[in-house]
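Letter by letter, the chains look like this.
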Amino acid sequence: MMDATLAADPAIFSHIRIVLSMVVSLGIARLLAGVAKFVQHPGRKRPYFVHLLWAVSLLLSMLDFWWWEFSLSQLRTWRFETYFFIVAYAALFYFLCALLFPDDLAEYEGYRDYFMSRRKWFFGLLAATYVVDVIDTLIKGREHLAAQGHEYPIRAIVFVLLCLLAARTASERFHAVFATVALAYHVSWILRLHDVMHL
């Protein structure tokens, strides 16, 4: 029987990245195809700005996830459960994309009606990504977790709580503010995390 633990090897990480890239690519393709429908058929279903803000935020999340997962190359050993966990994390993003842009909207008046009716699923899964992200960071090592600073765990806790609140409330004002602030914060987080503006 094959050993459950595999020693660090660039080929192993490359193999795992291929699977991750397929799952993330499917999610990105789903988002882009969904947004393209607004251009292709502008008169069919009117876009809902809260829904679009989450689509942009989710796209940024997947790009950030894919870039940051390169840190997995530093793992000294790989086990099947670690591999399974990372792929499941990527699959969460795909499910979120599929929820934002369903195959059919025939049962709904439009994207606003659809988004509000599926908000418990969407925000429940979105909250799960923040919890899973903390576990993912721990997998890379306690030093890696500590290097994220104090903002990282606070960010995770606050967003989980806000997602749970968003799942419960149908207030359009709350959803508009939450989506706007979340996107602005996410852009700020990525710029600071990856030192994008550093010259």
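Residue numbers restart at each chain and count upward from 1, following the sequence in its written direction. Two thresholds apply to this predicted model, a pLDDT of at least 70 for residue-level local features and 80 or more for giving and counting side-chain atom pairs, whereas whole-chain, interface and lining totals are computed over all residues. In computing side-chain values, all of the structure's heavy atoms are included and hydrogens and water are not.

**Student:** Sorry, what's going on with the side chain of Ser57 here?
**Tutor:** One can find Ser57 in helix H2 (residues 49–68). For Ser57, the contacting residues outside a window of four places in its chain are Leu183 and His186. Under the scheme used here, helices are H or I runs from DSSP no shorter than 4 residues and strands are E runs no shorter than 2 residues, and both carry numbers assigned from the N terminus. Every residue pair with non-hydrogen atoms within 4.5 Å of one another is taken to be in contact.

**Student:** Teacher, can you tell me more about the packing of aromatic side chains here?
**Tutor:** What characterises a pair of aromatic rings is the spacing of the ring centres plus the angle enclosed by the ring planes. Ring geometry is summarised as follows: Phe, Tyr and Trp rings, the Trp one being its six-membered ring, pair when their centres sit within 6.5 Å, and such pairs are stacked at plane angles under 30 degrees, edge-to-face over 60 and tilted between the two. Under the defined criterion, the tally for this structure stands at 25 aromatic pairs. Residues Tyr130 and Phe159 carry aromatic rings whose centres are separated by 5.0 Å and whose planes lie at 15 degrees to one another, so their mutual orientation is stacked. A residue pair is termed long-range when its members are at least 10 positions apart, and Tyr130 in helix H5 (residues 119–139) and Phe159 in helix H7 (residues 151–168) qualify at 29 residues. The pair formed by Tyr130 and Phe159 is uniform in burial state, with each residue classed as buried. Sitting over the face of the ring of Trp189, Arg155 holds its NZ or CZ atom 4.4 Å from the ring centroid. Under the scheme applied here, a residue whose accessible area is under 20% of the maximum for its type counts as buried, over 50% as exposed, and between as partly exposed, the area being computed with a 1.4 Å probe on protein chains only. The rule is short: NZ of Lys or CZ of Arg within 6 Å of the ring centre and within 35 degrees of the ring normal puts a charge over the ring.

**Student:** Could you clarify how one ought to interpret the layout of surface pockets in this entry?
**Tutor:** Vacant regions in the atomic arrangement are exposed by a probe of water-molecule size rolled over the atoms. Estimates place the volume of the second largest pocket at around 190 Å³. Grid spacing is 1 Å over the protein atoms alone, the probe is 1.4 Å, and a cavity is where that probe fits but cannot get out, while a pocket is an open set with protein on both sides within 12 Å along at least five of seven lines and lining residues have an atom within 4 Å of a point. Considering the residues around the second largest pocket, the lining is formed by Lys37, Phe38, His41, Arg44, Lys45, Pro102, Asp103, Asp104, Leu105 and Tyr111. Residue polarity follows a fixed list, in which Ala, Val, Leu, Ile, Met, Phe, Trp, Tyr, Cys and Pro are nonpolar, Asp, Glu, Lys and Arg are charged, and the others, Gly among them, are polar. Considered class by class, the residues forming the lining of the second largest pocket number four nonpolar, one polar and five charged. Grid points are joined across faces, edges and corners, and a volume is the space filled by probe spheres set on the points.

**Student:** Which parts of the structure should I look at to understand the packing of H2 against helix H8 (residues 172–193)?
**Tutor:** When two helices pack together, you describe them by how their axes are tilted relative to each other and by the distance separating the axes. In contact at an axis separation of 9 Å, H2 and H8 are set at 25 degrees when each is read in the N-to-C sense. For the element pair H2 / H8, the angle class is roughly parallel. Relative to H8, the crossing made by H2 is left-handed. Residues Phe49, Val50, Leu53, Trp54, Val56, Ser57, Leu60, Ser61, Asp64 and Trp68 of H2 form the contact with H8, whose own contacting residues are His175, Ala176, Phe178, Ala179, Thr180, Ala182, Leu183, His186, Val187, Trp189, Ile190 and Leu193. Among the residues making up the contact of H2 with H8, the classes are represented as 16 nonpolar, five polar and one charged. What counts as an axis is a line fitted to C-alpha atoms, over the stretch in contact for a helix, and the angles between N-to-C directions run from 0 to 180 degrees. The scheme is simple: roughly parallel for angles under 35 degrees, roughly antiparallel for over 145, roughly perpendicular for 65 to 115, oblique for anything else. Crossing handedness follows the turn of the near helix against the far one: under a right angle anticlockwise gives a left-handed crossing, and clockwise gives a right-handed one.

**Student:** Teacher, can you tell me more about the pattern of salt bridges here?
**Tutor:** Proximity of charged atoms lets side chains of opposite charge pair with each other. One speaks of a salt bridge when a side-chain nitrogen belonging to Lys or Arg is within 4 Å of a carboxyl oxygen belonging to Asp or Glu. Tallied over the full model, the rule gives four salt bridges. As a salt-bridge pair, Asp103 and Arg30 come within 3.0 Å of each other at their nearest N and O atoms. Of this pair, Asp103 sits in the loop between helix H3 (80–100) and helix H4 (111–117) while Arg30 sits in helix H1 (residues 10–40); the two residues are 73 residues apart in sequence, bridging distant segments of the chain. Across the salt bridge formed by Glu172 and Arg112, the nearest N and O atoms sit 2.6 Å from each other. Taken together, the residues span a long stretch of sequence, with Glu172 in helix H8 and Arg112 in helix H4 at a distance of 60 residues.

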